[in-house]
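One letter stands for each residue in the lines below.
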2 protein chains.
Amino acid sequence: MKIFVRGGYQTRFGELWSKSLADLLFEAVDGALENAGVSESAIEAVFLANKMGGLLTNQNHLGALVSEYFARPVPVVRVEAACASGGVAVAQACQGLRAGGYRTVLVVGAEKMTDGSVEGTSWGLMSAAGEDERAAGLSFVGLYALMAARYLAEYEGRAEDLALPAVKNHQHASLNEKAQFPFPVTAEKVLESGLVADPLRLLECSPITDGASAVVLSTRRGSGRAVEMAASVQTGTCLSLARRETLTSLPATVEASKVAYAEAGLGPSDLSFVEVHDCFTISELLAVEDLGLYPRGMAKVAMRNGEVRLGGIRPINPSGGLKACGHPVGATGVRQIVELYLQLAGQAGQRQVEAARVGLAHNVGGTGGTVVIHILKAGV
Amino acid sequence: MKIFVRGGYQTRFGELWSKSLADLLFEAVDGALENAGVSESAIEAVFLANKMGGLLTNQNHLGALVSEYFARPVPVVRVEAACASGGVAVAQACQGLRAGGYRTVLVVGAEKMTDGSVEGTSWGLMSAAGEDERAAGLSFVGLYALMAARYLAEYEGRAEDLALPAVKNHQHASLNEKAQFPFPVTAEKVLESGLVADPLRLLECSPITDGASAVVLSTRRGSGRAVEMAASVQTGTCLSLARRETLTSLPATVEASKVAYAEAGLGPSDLSFVEVHDCFTISELLAVEDLGLYPRGMAKVAMRNGEVRLGGIRPINPSGGLKACGHPVGATGVRQIVELYLQLAGQAGQRQVEAARVGLAHNVGGTGGTVVIHILKAGV
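Keep in mind it's a predicted model, so treat the numbers as computed, not measured.

*Asks:* Would you mind going over the layout of surface pockets in detail, with residue names and values included?
*Replies:* As a volume, the largest pocket reaches approximately 810 Å³. Forming the walls of the largest pocket are 34 residues, and the residues nearest its centre are A:Ser122, A:Leu125, A:Ser206, A:Pro207 and A:Ile208. For the lining of the largest pocket, the secondary structure elements donating two or more residues are α5 (118–125) and α7 (140–154) of chain A. The element best represented in the lining of the largest pocket is α5(A), accounting for five residues. Partitioned by chemical class, the residues of the lining of the largest pocket number 21 nonpolar, ten polar and three charged. Here the second largest pocket is characterised by a volume of approximately 660 Å³. Lining of the second largest pocket is provided by 30 residues; of these, B:Leu125, B:Cys205, B:Ser206, B:Pro207 and B:Ile208 occupy positions nearest its centre.

Pasting the structure below:
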């Protein structure tokens, strides 16, 4: 059975003080239906991603809230897998379609993060990590800082290697009107920014963001340019970093990508561009190596030579990524699919990847306990 | 494609101070695999239900925690739909099997509710309701009290009608060694208990509970007595009570049951017994009327004449229900499927329903914004 992405939409990402979680959800649903040219009455089920509604605004049971959008009873399935919630929702939507009960479904992800206190939000983010890690006093950036320090030590990296993905992603975001930070930054600026958890600096971390995004998936092709779901794979390993054998790889990314390439019948060299989970700049370096795009320790070289920029051989994070487009947790994995759709449908405007044929989205929960990979390809 | 329930297990429900959320999850998984006679290596995916891990113990991303149970990468999908989380997880597991990617999956639900403060837990429970309802100062029991008052007024009920489901369910729980309250109570005792939200009294409310439960679902029959999934239906209407046209019915239950009966090819009269969502005694009265077991206003008559007791025409909540077996939110919907399995497989011991052939499980999120119905039947 073929599954098509029929359209997608993301709200502006940023500090959206005047919008509630419900406002963001409904704007994304409206936008995706309009972009897809699909009416509300065609949607048979909704898959919803949100991590912290309960924690930050005491609003769980968001599925029933989204049901109110429809003039008839509609099942809405809320999933949560930390920062991979969006990817899991897309994967569950694909399963729902493959199960044969639905022809057209909607996926929506949203997060409202800037209403809480900084302490509350930081504490909430650590709910993605293990109890032992919280007990050890680690922060979320602290966990990734351990990986970054190890990467630099193992592969003779230098401070600049952690800055370059941010420079690239800010450059891309400057072409994306929906981005939280639509402006470039220099490597000097990144390296001058405050140290958050050694060796990671402020401008090497993704921000706290409000936003939502939605896509329409269907077993029917529709009349627009067809964008096909070539692979949808979720896997999970373990919650705590301490249980892993390596700090310079997310084993779940390696595993999920193997399965996804097999499912799609293609390999890393077939990818026109990728959207990877750059919650920190180190995450982007690990991701592209785990996905088999570069040998171990070599992603930093690709960042230096610029082949991963828009206009280069294979752009990484043309949207600006989590770093510069923003990271409203539940929305991110869905936003990546929106970006893949826009690029493959030729609707990406100023940041259009030339001759985009195949795109991969890589969404990570926590420090890699959950990983979801989707591969989309432009129809023939 | 046929789906079989291969086995199930519930932990003791109650105030389990010495057990963590992880302890409960893993005990349930161990128990279900043992009861099903299925090895860990046969499980291809896990569907996990939890409502308040983030809120009460700051542990979200529970999927990755459950992945640690396995010696290999396994996808774990956590769903949340307030008190219907367990039912949604079972329904998603059925979709996963129908999608063709898996042959055998596990569903586990758990909640650790007694570690928080009473205020924190009460506040957390209201995360299942709407923002307008919280702003109005309503408590969760307050919402159901509105329904109870309306029911008594519309159908000329009396105080005793709200007590009798509790008396029956405590009687049933006295035969269930896993129940939180395994002892009978008299109607006098219930009617003497403190008023929580007029007209609902303390012994007419389900308790705050720790516990977990798990089931193994498979497209393969296995060697034991076959128990088949005849229908699996989720639907949703709206989060807030104020948006409904009636207070004496949950429209989502009516809708979901119509679809479920059609899917199973049977009707209310075919049911040997039911497990319904009695978060309050009024919920049980509304549920059995919404399910078409009794005409409007008549459930209270059935409670009086005793036909719904074990040994009666069609027992309701042979387990003791949420009221007396306990209500660890994420576990409840899965626990209902465990009960259906044990009854249909003839493993229910002292509380065995005679000649049990078909059972229905009814799981509600919030005040009915989400409803999930499963129908299981003993194999032929």
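*Asks:* Explain the packing of aromatic side chains residue by residue, including any values.
*Replies:* Enumeration over the complete set of coordinates arrives at 14 aromatic pairs over all chains. Pairing A:Phe26 with A:Tyr69 gives two aromatic rings, centres 5.6 Å apart and planes at 40°, and the pair type is tilted. Of the two residues, A:Phe26 sits in helix α1 (residues 21–36) while A:Tyr69 sits in the loop between α3 (62–67) and β3 (76–79), which places them 43 residues apart along the sequence. Taking 5.2 Å as the distance between ring centres and 70° as the angle between the ring planes, the aromatic pair formed by B:Tyr69 and B:Phe70 counts as edge-to-face. For B:Tyr69, a relative accessible area of 23% translates into the label partly exposed. Overall, B:Phe70 belongs to the buried group, its relative accessible area being 8%. Here the aromatic residues A:Phe26, A:Tyr69 and A:Phe70 are joined through ring pairs into a cluster of three or more. In this structure, A:Lys178 is placed above the aromatic ring of A:Tyr9, and the distance from its NZ or CZ to the ring centre is 4.3 Å.

*Asks:* How would you explain the interface of chain B and chain A if you had to name every residue and give the values?
*Replies:* Counting from both sides, the interface comprises 54 residues of chain B and, opposite them, 54 residues of chain A. Carbon and sulfur atoms supply 47% of the area that chain B and chain A bury against each other, a total of about 3900 Å² over both sides. Remark: the boundary between chain B and chain A carries four salt bridges. The salt bridge partner of B:Glu68 is A:Arg243, with a shortest N-O separation of 3.0 Å. Inspection of the chain B/chain A interface yields 34 residue pairs in polar contact (both at pLDDT 80 or more). Residue assignment for the side of chain B that touches chain A shows that the elements contributing at least two residues are α2 (53–57), α3 (62–67), β3 (76–79), α4 (85–98), α5 (118–125), α6 (131–135) and β8 (227–236) of chain B. With five residues, α4(B) is the single largest residue contributor to the side of chain B that touches chain A. Residue composition of the side of chain B that touches chain A, grouped by class: 22 nonpolar, 22 polar and ten charged.

*Asks:* Account for the pattern of salt bridges, with residues named and values stated.
*Replies:* All names here are of chain A. Enumeration over the complete set of coordinates arrives at 32 salt bridges over all chains. A salt bridge links glutamate 228 to lysine 2, with the nearest nitrogen and oxygen atoms 3.6 Å apart. Of this pair, glutamate 228 sits in strand β8 (residues 227–236) while lysine 2 sits in the segment before β1 (4–10); the two residues are 226 residues apart in sequence, bridging distant segments of the chain. Between arginine 335 and glutamate 275 there is a salt bridge; the shortest N-O distance is 2.8 Å. With arginine 335 in helix α14 (residues 329–344) and glutamate 275 in strand β9 (residues 273–275), this residue pair connects regions lying 60 residues apart in the sequence. Glutamate 275 shares its class with arginine 335; the two are buried. One continuous salt-bridge network, built from bridges that share partners, spans Lys112, Asp115 and Asp210.

*Asks:* Give a description of the pairing of strand β10 (residues 358–365) of chain A that names residues and reports values.
*Replies:* All names here are of chain A. The buried fraction of β10 amounts to eight of the eight residues, a majority that puts the element mostly inside the structure. Alternating residues of β10 divide into Val358, Leu360, His362 and Val364 and Gly359, Ala361, Asn363 and Gly365, and every residue in both groups is buried. Summarising the sheet, β9 and β10 pair through three bridges and their orientation is parallel. In the strand pairing of β10, glutamate 275 is matched with alanine 361. The antiparallel hairpin formed by β10 and strand β11 (residues 370–378) contains four residues in its connecting segment, where glycine 366 sits at a positive phi of about 60°.

*Asks:* Quick rundown of the pairing of strand β1 (residues 4–10) of chain B? Include the residues and the values.
*Replies:* Residues and elements named next belong to chain B. With six of seven residues buried, β1 lies mostly within the body of the structure. Two elements, β1 and strand β7 (residues 211–218), share six bridges in a ladder whose sense is antiparallel. Paired with phenylalanine 4 across the bridge in β7 is serine 218. Pairing between β1 and β8: two bridges, direction antiparallel. Counted as the bridge partner of valine 5 is valine 227 from β8.

*Asks:* Any details on the relation of the copies chain B and chain A? Residues and values, ideally.
*Replies:* In the superposition of chain B on chain A (RMSD 0.0 Å, axial shift 0.0 Å), the rotation amounts to 180°. When the rotation and shift are considered jointly, the pair of chain copies conforms to a two-fold rotation axis. By residue overlap, the copies meet face to face through one surface: 100% of the interface positions of chain B are interface positions in chain A.

*Asks:* Tell me about the nonpolar core, and please be specific about residues and values.
*Replies:* Grouped together as the largest cluster of nonpolar side chains are 78 residues, with contacts concentrated most on A:Phe47, A:Val107, A:Leu217, B:Phe47, B:Val107 and B:Leu217. In this structure B:Leu217 touches B:Ile3, B:Phe4, B:Val5, B:Val90, B:Ala93, B:Cys94, B:Leu97, B:Arg103, B:Thr104, B:Val105, B:Val107 and B:Met229, once residues within four positions along its chain are discounted. Core analysis: the next-biggest nonpolar cluster, separate from the first, contains 55 residues, B:Ala82, B:Ala197, B:Leu200 and B:Ile316 among them.

*Asks:* Which residues make up empty space enclosed by the protein, and what are the values?
*Replies:* What the rule picks out here adds up to two cavities of 30 Å³ or more. Its boundaries defined by the atoms lining it, the largest cavity holds a volume of some 50 Å³. In terms of lining residues, the largest cavity is bounded by A:Lys51, A:Met52, A:Gly54, A:Leu55, A:Asn60, A:Arg78, B:Lys51, B:Gly54, B:Leu55, B:Asn60 and B:Arg78. Elements supplying a minimum of two residues to the lining of the largest cavity: α2 (53–57) of chain A together with α2 of chain B. Looking at side-chain class alone, the lining of the largest cavity contains three nonpolar, four polar and four charged residues. In this structure, the second largest cavity spans a volume of roughly 30 Å³. Secondary structure elements with two or more residues in the lining of the second largest cavity: α11 (281–290) and β10 (358–365) of chain B. The biggest single contributor to the lining of the second largest cavity is α11(B), with three residues.

*Asks:* Which residues make up the environment of B:Ser272, and what values go with them?
*Replies:* Residue and element names in this part refer to chain B. By the element assignment, serine 272 lies in the loop between α10 (251–264) and β9 (273–275). Note on serine 272: relative accessible area 13%, which makes it buried. Serine 272 sits 157 residues away from aspartate 115 along the chain, and the two C-alpha atoms are 38 Å apart. Apart from the residues lying within four places of it in its own chain, the contact partners of serine 272 are Ile313, Arg314, Pro315, Val353, Ala355, Ala356, Arg357 and Val358. Side-chain polar atoms of serine 272 contact the backbone nitrogen of arginine 357, separated by 2.8 Å.

Rules used in this analysis
- Residues numbered from 1 in each chain as written.
- Chains lettered and ligands numbered in written order.
- Predicted model: local features only at pLDDT ≥ 70, side-chain atom pairs only at ≥ 80, totals over all residues.
- Heavy atoms only, no water.
- 1 Å grid on protein atoms, 1.4 Å probe; cavity = no way out; pocket = protein on both sides within 12 Å on 5 of 7 lines; lining within 4 Å.
- Points joined across faces, edges and corners; volume = space filled by probe spheres on them.
- Helix = DSSP H or I, 4+ residues; strand = E, 2+ residues; numbered from the N terminus.
- Nonpolar A, V, L, I, M, F, W, Y, C, P; charged D, E, K, R; others polar.
- Phe/Tyr/Trp six-rings, centres within 6.5 Å; stacked < 30°, edge-to-face > 60°.
- Buried < 20%, exposed > 50% of the residue type's maximum accessible area, 1.4 Å probe, protein only.
- Lys NZ or Arg CZ within 6 Å of the ring centre and 35° of its normal.
- Contact = heavy atoms within 4.5 Å.
- Buried area = accessible area lost by both parts, 1.4 Å probe.
- Salt bridge = Lys/Arg side-chain N within 4 Å of Asp/Glu carboxyl O.
- Polar contact = N/O pair within 3.5 Å; in protein donor to acceptor, adjacent residues only side chain to side chain.
- Pairing = 2+ DSSP bridges.
- Least-squares fit on C-alpha atoms with pLDDT ≥ 70 in both.
- Core = buried A, V, L, I, M, F, W, Y, C linked by side-chain atoms within 4.5 Å.

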